[in-house]
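This is what each chain is made of:
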Amino acid sequence: MSIQLDLRRALDVTIVPHPAFRAREDLLGRLLQEHQEGIEPGIDMLLGPSRIGKSEILQRLAAQYPERREDGRLIKPVLLVSVPAGTAPKDLPISVIQSLGVPPPRERNHKGALFNMMLDKLKRAGTMAILFDEASHLVDTGSSIPPRQASDWFKSLFDAARVSIVMSGVPRLRRLLESNEQLRGRCRRPLELMPYRWDRADERKIFAGCAQAFLKVFDARACPIQTSMNTDALMRHLYAASAGNVGLLSNFFKALSREVRAPGPLGLQALQRASAHVNLPAHGLLPPFSRAHMPDELLMQLLMSELATYEIVLAIDSPQTALAAHRNQVSAVPV
């Protein structure tokens, strides 16, 4: 096996269970366990930018409740359902039925019949929870389906099946709650999984720890990063490559692995080439490894711009965020 392939495979299976990730995973895990022990089910949302780790959390939760056979019957206690782009509420019963491993019916015109079939299959499978990944596709920009229609479907599913429901997606998924007071009354406060902030020392330290976990993968294969930058400067550039999003950080290191041809140190040029092959946060507002110094206010401007693409407004609670907000307001470009 080539060293590049070895690196890429190692990075593919490297999941950094950082504190924010673990906290959301543990909380949702406790809620599922309580339901299994007889507590009433609930509805939860897990919100965050793309590549932040929402799908990984749902996958890990589902893996804790593997399917099994009982008297020849397939039991699926926790069902993971991926919601494709362009999905309408009327398609959701089919997605659930297919996730149960049941062929969908040929006749799909009768929504009530599909819904009842889904309920019957869920009961037969002993399903206690359904995890809907990428549920924000239901409220994509330009969707012809009103959020109210989608939220009504989830409310009906919860009331009829009495299963716990977890929906994950980007923050616009919150529109389901805003459009339906009845669903909002059944849902707990949404959980947020957000990037780490550079202006907070504790979060900056956690981000650096995540970066070190990826760096160790390269060190273990005799491919250390060696440049004239000190550790602080390197972390600033890695933050520019990810805006504090560990999933984007992982993407950068996967791109860097493609620069490896043989064991040996990786220099600045390899880092620059890797950053040129990834989708940078905030549409490349602050290209990493392209300047000598990455001041705090530029890193915060990057984070604020990236979050703005998800309609997330960062609280102005530090001098760095105040300056970053001003720079965004006047459309200042980092120079």
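As a reminder, the structure under discussion sits directly above these lines.
A quick note: this is a predicted structure, and the numbers were derived from the prediction, not measured. (Residues numbered from 1 in each chain as written. Predicted model: local features only at pLDDT ≥ 70, side-chain atom pairs only at ≥ 80, totals over all residues. Heavy atoms only, no water.)

Draft legend 1. Region of interest: the layout of surface pockets. Considered as a void within the structure, the largest pocket measures approximately 450 Å³ in volume. Along the wall of the largest pocket there are 22 residues; nearest its centre are R24, E192, M194, P195 and I312. Elements that contribute at least two residues to the lining of the largest pocket include exactly α2 (19–36), α7 (175–178) and α13 (296–308). Per-element tally for the lining of the largest pocket: the top contributor is α2, with three residues. Of the residues that constitute the lining of the largest pocket, the class distribution is twelve nonpolar, no polar and ten charged. (1 Å grid on protein atoms, 1.4 Å probe; cavity = no way out; pocket = protein on both sides within 12 Å on 5 of 7 lines; lining within 4 Å. Points joined across faces, edges and corners; volume = space filled by probe spheres on them. Helix = DSSP H or I, 4+ residues; strand = E, 2+ residues; numbered from the N terminus. Nonpolar A, V, L, I, M, F, W, Y, C, P; charged D, E, K, R; others polar.)

Draft legend 2. Quick peek at the pattern of salt bridges. Counted under the stated rule, the structure contains 21 salt bridges. A salt bridge links D317 to R200; the nearest nitrogen and oxygen atoms lie 3.0 Å apart. Taken together, the residues D317 in the loop between α13 and α14 (319–329) and R200 in the loop between β7 (191–192) and α9 (201–219) connect sequence positions 117 residues apart. Several salt bridges converge on common partners, so that one network encompasses R197, D199, R200, E203 and D317. (Salt bridge = Lys/Arg side-chain N within 4 Å of Asp/Glu carboxyl O.)

Draft legend 3. Fine view of the nonpolar core. Judged by nonpolar contacts, the single largest core of 72 residues is most densely connected at F218, L238, F252, F253 and L256. Contacts of F218, omitting those with residues within four sequence positions, involve L7, L11, C223, P224, F253, L256, S257, V260 and L266. One finds L47, L122, V139 and L157 within the second-largest nonpolar core, a separate group that totals 33 residues. (Core = buried A, V, L, I, M, F, W, Y, C linked by side-chain atoms within 4.5 Å. Buried < 20%, exposed > 50% of the residue type's maximum accessible area, 1.4 Å probe, protein only. Contact = heavy atoms within 4.5 Å.)

Draft legend 4. Summary view of the sheet that holds strand β5 (residues 129–133). Taken together, five strands build an open sheet; the order of strands is β4-β5-β6-β1-β7 and the sheet is parallel. Across the chains shown, the open sheet's two edge strands, defined by having one partner strand only, are β4 (78–82) and β7. Set on the sheet, helix α4 (residues 92–99) makes contact with β4 and β5; between it and β4 the angle comes to about 125 degrees. (Pairing = 2+ DSSP bridges. Axes fitted to C-alpha atoms, helices over the stretch in contact; angles between N-to-C directions.)

Draft legend 5. Examining the packing of helix α11 (residues 246–257) against helix α12 (residues 268–275) more closely. At a minimum axis distance of 8 Å, the contact between α11 and α12 shows a crossing angle of 120 degrees. Classified by the interaxial angle, the pair formed by α11 and α12 is oblique. The two elements α11 and α12 cross, and the hand of that crossing is right-handed. Across the interface between the two elements, F252, A255 and L256 from α11 touch A270, L271, A274 and S275 from α12. Classifying every residue of the contact of α11 with α12 gives six nonpolar, one polar and no charged. (Parallel < 35°, antiparallel > 145°, perpendicular 65-115°, else oblique. Left-handed = near helix turned anticlockwise from the far one by under 90°.)

Draft legend 6. Main features of the pairing of strand β1 (residues 43–47). Counting buried positions over the five residues of β1 gives five, a clear majority of the element. Neither face of β1 is exposed, since I43, M45 and L47 on one face and D44 and L46 on the opposite face are all buried. Across five bridges, β1 lies against strand β6 (residues 164–169) in parallel orientation. Within the sheet, the bridge partner assigned to L46 lies in β6 and is S168. Pairing of β1 with β7 involves two bridges; the strand directions are parallel. Within the sheet, the bridge partner assigned to L46 lies in β7 and is L191.

Draft legend 7. Expanded view of the packing of aromatic side chains. What the rule picks out here adds up to ten aromatic pairs. On the basis of an interplanar angle of 90 degrees and a centroid distance of 6.2 Å, the ring pair of F115 and W153 is categorised as edge-to-face. In this pair, F115 sits in helix α5 (residues 111–124) while W153 sits in helix α6 (residues 147–161), placing the two residues 38 residues apart along the sequence. Here the aromatic rings of F252 and F289 are separated by 5.7 Å at their centres, their planes lie at 25 degrees, and the arrangement is stacked. With a gap of 37 residues between them, F252 in helix α11 and F289 in the loop between α12 and α13 connect regions that are remote in the sequence. Assigned by exposure class, F252 and F289 land together as buried. One aromatic cluster is present, built from ring pairs that chain together F214, F218, F252, F253 and F289. Over the ring of F158 we find R162; its NZ or CZ atom is 4.7 Å from the centre of that ring. One cation-aromatic arrangement involves R204 over W198; the distance from NZ or CZ to the ring centre is 5.6 Å. (Phe/Tyr/Trp six-rings, centres within 6.5 Å; stacked < 30°, edge-to-face > 60°. Lys NZ or Arg CZ within 6 Å of the ring centre and 35° of its normal.)

Draft legend 8. Main features of the side chain of R236. Counting through the fold element by element, R236 comes out in helix α10 (residues 231–240). The exposure class assigned to R236 is buried, which follows from its relative accessible area of 13%. Within the local environment of R236, its side chain forms a polar contact with the backbone oxygen of M294, the two atoms lying 2.7 Å apart. Contacts of R236, omitting those with residues within four sequence positions, involve W198, M294, P295, D296 and L299. (Polar contact = N/O pair within 3.5 Å; in protein donor to acceptor, adjacent residues only side chain to side chain.)

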